[in-house]
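Notes for the structure review
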Amino acid sequence: MAGKPPTGDPVQDAPDVAAPQHAAAGLPAIAHTLRVAQQQMGVRRTALTLLKVNQKDGFDCPGCAWPEPDKRHAAEFCENGAKAVAEEATLRRVTPDFFAAHPVADLATRSGYWLGQQGRLTHPMYLAEGATAYEPVTWERAFDLIAEELHALSSPDEALFYTSGRTSNEAAFLYQLFAREFGTNNLPDCSNMCHESSGSALTETIGVGKGSVLLEDLYRADLIIVAGQNPGTNHPRMLSALEKAKAGGTKIITVNPLPEAGMERFKNPQNARGLAGGGTPLTDLFLQIRLGGDQALFRTLGRLVLETEGALDTDFIREHTHGFEEYERTARAADWDETLRATGLRREEIEEALRMILASRRTVVCWAMGLTQHKHAVPTIKEVVNLLLLRGDIGRPGAGVCPVRGHSNVQGDRTMGIFERPSAAFLDALEKEFGFAPPREHGLDVVRAIRALRDGDAKVFFAMGGNFVAASPDTEVTEAAMRRARLTVHVSTKLNRSHVVTGARALILPTLGRTERDRQSGGDQFVTVEDSMGMVHASRGRLEPASPHLLSEPAIVCRLARRVLGTESATPWEEFEKDYGAIRDRISRVVAGFEDFNARVARPGGFTLPHAPRDERRFPTATGKANFTAAPVEYPRAPEGRLLLQTLRSHDQYNTTIYGLDDRYRGIKNGRRVVLVNPDDARTLGLADGAYADLVSEWTDGTERRAPGFRVVHYPTTPGCAAAYYPETNVLVPLDHTADTSNTPASKSLVIRLEPADPA
């Protein structure tokens, strides 16, 4: 029945395992979508809500940041998007009575899945120092408590203001404005844990830390390389774009340690071929690479292009690039034996990839966490750029770089100034517009913020959305660090693990979701988001709020700012809360590309932000050109008897939100504590299919990090490599094991040993 959460926390230690599937979506996706949606929302609410997802007059999906086409299907959502909407528009409620019945100690024993399934938060809740349970609190009292702790700090830099990627442009802009008026650049965000490596590499090489392609470029491409990404689970609507590209003759190379059903074959649920037929084969060449071997692969592909007569776009290289000579010397020295060791591929496979690259005049490379979460992630992405520069494939229609972002506005949040290392130009514009001197010293990213909490250098943690504790690395260290805070505050729609790992005092502030109508004293409001390809558009919720006690994120920031900053602030916070158009007017004068913001976003579908490399073949780097780079090739190595582990999502999951306990495409049912191991590796280690093992990570600090009780699943992974779901395996990721330059946790190349465990 709709509105009823599960009564017990399901046992997850005995998953069922079947053979992995070889096609994604189709009728099973429709059936699963409708079943989950109706369980959460009921039949009528399901129909009314899902038909507004990603429509020009509707609301932006709170899931991934994949862009929408101009011509949209009536059902412009995927299975996981529908699950995200269902959990937000659910009829289930978490009231003060729930917290009275469930002390924090009880909630701390529950799984993240169970917590999320309880429904929407309805009241501000407060955990007093020494208290055992949350109690309801007024909004006024909540803001007083936050102000009390912030004013007691010896420095504004003892406060941390974290942001999740689902926050709107308007809320993000206000949030960073408040933090900087308060006096700190401590604005860690979820980008620090995912695509920070992409931004670091692209800013240095092409001058803009975002992708250079639009959706139409995928349709025009001769070749698309999808590396370190599983669109079938993480960005399912991308499969529709790949299907359309294939219909136009595009070839696709998939580079991944795991075969993924979505990249094998796509059964589009929006057409008859997908529902009744065999669907569309997507991948033309599958390179089943060893974990972390991508830099070596792209370096050798670059060498082979250099060695092929007539393969270089010499005019582009001469007119638009810098550093070619050094890159050429380094790339020509690429060693075949080292490449084969690093990648685990056969020479013939790499040579086939070369033939496809040479046959293409327009190539797009897409990637996600499989490239960004390694120690050498930044040079790996730079190597992707090198290959494209050789062929002149940046600034050409149908070609370019395509980092595929996760959360629906994670890119927009960064554009709005959610960044611990803001540019001088942004701070200058902020100072000119608002008349205060923002701090210039760089703030803390996620990893440094955890260290600051651990070491007592940060005392207040405020999170605008997200599930920081579950998303962060080194779980035991992160949880201990959070418990050292004086106050932890979470602006949330639903319960999660971060609400039960608290500072001395804690607040939960319930907020509106994307699906809900946002009424302020100035009338109904809308917000805006930026997708993964730099398109900005409006989002308008239609449902009545889950509770009359909810505030929107902009309202929460405005009221907090008025309480904390007081009359010393000349910023018109009250006006901003009343009318989001007033916020957009200020954004238009501060953030480049948002000129005439209100008028442009009023157009159906919104507008495209400028991108100098794509639009003008202009590269705003330090050299004024696109930069070739020549870093030494790196790849992770595991000692004898050890494996390389990557953390990943199940199909019933989006980031740390667990929608269910199945991973349909990989054949896993009713459980998440599984480790996927190549059968030959498992036999060498003496682990039968169905055996149980503890996962123990090994790192240079000598600390043992253990994730106990995982069922071993014999699976067609790359030899020497294994995979398991996060957040369960985040405990294995050392806090200091991060990517060079970007400081992103290196969650995709963990050295582990498997110790046999008793199934009981």
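Everything below is about the structure shown above.
Values in this document were obtained by computation on a predicted structure and should not be read as measured data.

Turning next to the packing of helix α15 (residues 294–306) against helix α21 (residues 377–390). Orientation of α15 relative to α21, taken along the N-to-C sense of each, is 20 degrees, at an axis distance of 8 Å. As judged from the angle between their axes, α15 and α21 are roughly parallel. The element α15 and its partner α21 pack so that their crossing is left-handed. Each of D294, Q295, F298, R299, L301, G302, V305 and L306 in α15 lies in contact with α21, whose residues at this interface are P379, T380, E383, V384, L387 and L390. Class assignment of the residues belonging to the contact of α15 with α21 gives a composition of 8 nonpolar, 3 polar and 3 charged.

With respect to burial, strand β25 (residues 643–648) is a largely interior element, 6 of its 6 residues being buried. By the bridge criterion, 3 bridges tie β25 to strand β33 (residues 750–757) in an arrangement that is antiparallel. Each residue of the ladder has a partner; that of L644, found in β33, is V751. As defined by bridge partners, β25 adjoins strand β32 (residues 721–725) across 5 bridges and the pair is classed as parallel. Counted as the bridge partner of T647 is A724 from β32.

Our next topic: the pattern of salt bridges. All told, the structure shown has 67 salt bridges when counted by the stated rule. Between E479 and R497 there is a salt bridge whose closest N-O contact spans 3.1 Å. Of the two residues, E479 is situated in helix α26 (residues 475–483) and R497 in the loop between β17 (487–492) and β18 (505–510); the sequence distance between them amounts to 18 residues.

Let's shift gears to the sheet that holds strand β8 (residues 223–227). Picture the strands of a sheet paired through backbone hydrogen bonds; they go either parallel or antiparallel. Taken in spatial order, the 5 strands make up an open sheet running β12-β9-β8-β14-β15, and their pairing is parallel. Each of the sheet's edge strands pairs with one partner strand only, and the pair in question is β12 (285–287) and β15 (400–403). If you compare each strand with its neighbour and ignore which way they point, the axes differ by 15 degrees on average. Across the sheet, α21 touches β14 (363–367) and β15, and the angle it forms with β14 is around 170 degrees.

Before going further, it helps to examine the environment of E149. Mapping E149 onto the fold places it in helix α7 (residues 139–151). Assessed through its relative accessible area of 6%, E149 is described here as buried. Separated by 10 residues in sequence, E149 and A159 place their C-alpha atoms 9.4 Å apart. When neighbours within four sequence positions are excluded, E149 is seen to be in contact with V460, R486, L487 and R505. One polar contact links E149 to R486, side chain to side chain, over a distance of 3.4 Å.

Empty space among the atoms becomes visible once a probe the size of a water molecule is rolled across them. Of the pockets and cavities examined, the second largest pocket occupies roughly 1,300 Å³. Lining the second largest pocket are 43 residues; nearest its centre among them are V208, G209, K210, R414 and T415. Among the elements of the structure, α9 (196–205), α22 (410–415), α23 (424–434), α29 (580–590) and α31 (612–616) are those that each provide at least two residues to the lining of the second largest pocket. Its residues placed into classes, the lining of the second largest pocket shows 15 nonpolar, 17 polar and 11 charged.

Further remarks concern the packing of aromatic side chains. The tally for this structure, following the rule as stated, stands at 21 aromatic pairs. When the ring of F98 is compared with that of F99, the centres are 5.6 Å apart and the planes differ by 90 degrees; the resulting orientation is edge-to-face. Taken as a pair, F98 and F99 share a single burial class, namely buried. Residues F173 and F434 carry aromatic rings whose centres are separated by 6.2 Å and whose planes lie at 45 degrees to one another, so their mutual orientation is tilted. Note that F173 is positioned in helix α8 (residues 169–182) and F434 in helix α23, a separation of 261 residues in sequence. Comparing F173 with F434, the two get one shared label, buried. By way of ring pairs, the aromatic residues F161, Y175, F178, F182 and F462 are connected into one cluster. Sitting over the ring of W114, R110 keeps its end group 4.2 Å from the ring centre. A cation over a ring is seen here: R637 above Y635, with NZ or CZ 4.0 Å from the ring centre.

Procedures and definitions
Residues numbered from 1 in each chain as written. Predicted model: local features only at pLDDT ≥ 70, side-chain atom pairs only at ≥ 80, totals over all residues. Heavy atoms only, no water. Axes fitted to C-alpha atoms, helices over the stretch in contact; angles between N-to-C directions. Helix = DSSP H or I, 4+ residues; strand = E, 2+ residues; numbered from the N terminus. Parallel < 35°, antiparallel > 145°, perpendicular 65-115°, else oblique. Left-handed = near helix turned anticlockwise from the far one by under 90°. Contact = heavy atoms within 4.5 Å. Nonpolar A, V, L, I, M, F, W, Y, C, P; charged D, E, K, R; others polar. Buried < 20%, exposed > 50% of the residue type's maximum accessible area, 1.4 Å probe, protein only. Pairing = 2+ DSSP bridges. Salt bridge = Lys/Arg side-chain N within 4 Å of Asp/Glu carboxyl O. Polar contact = N/O pair within 3.5 Å; in protein donor to acceptor, adjacent residues only side chain to side chain. 1 Å grid on protein atoms, 1.4 Å probe; cavity = no way out; pocket = protein on both sides within 12 Å on 5 of 7 lines; lining within 4 Å. Points joined across faces, edges and corners; volume = space filled by probe spheres on them. Phe/Tyr/Trp six-rings, centres within 6.5 Å; stacked < 30°, edge-to-face > 60°. Lys NZ or Arg CZ within 6 Å of the ring centre and 35° of its normal.

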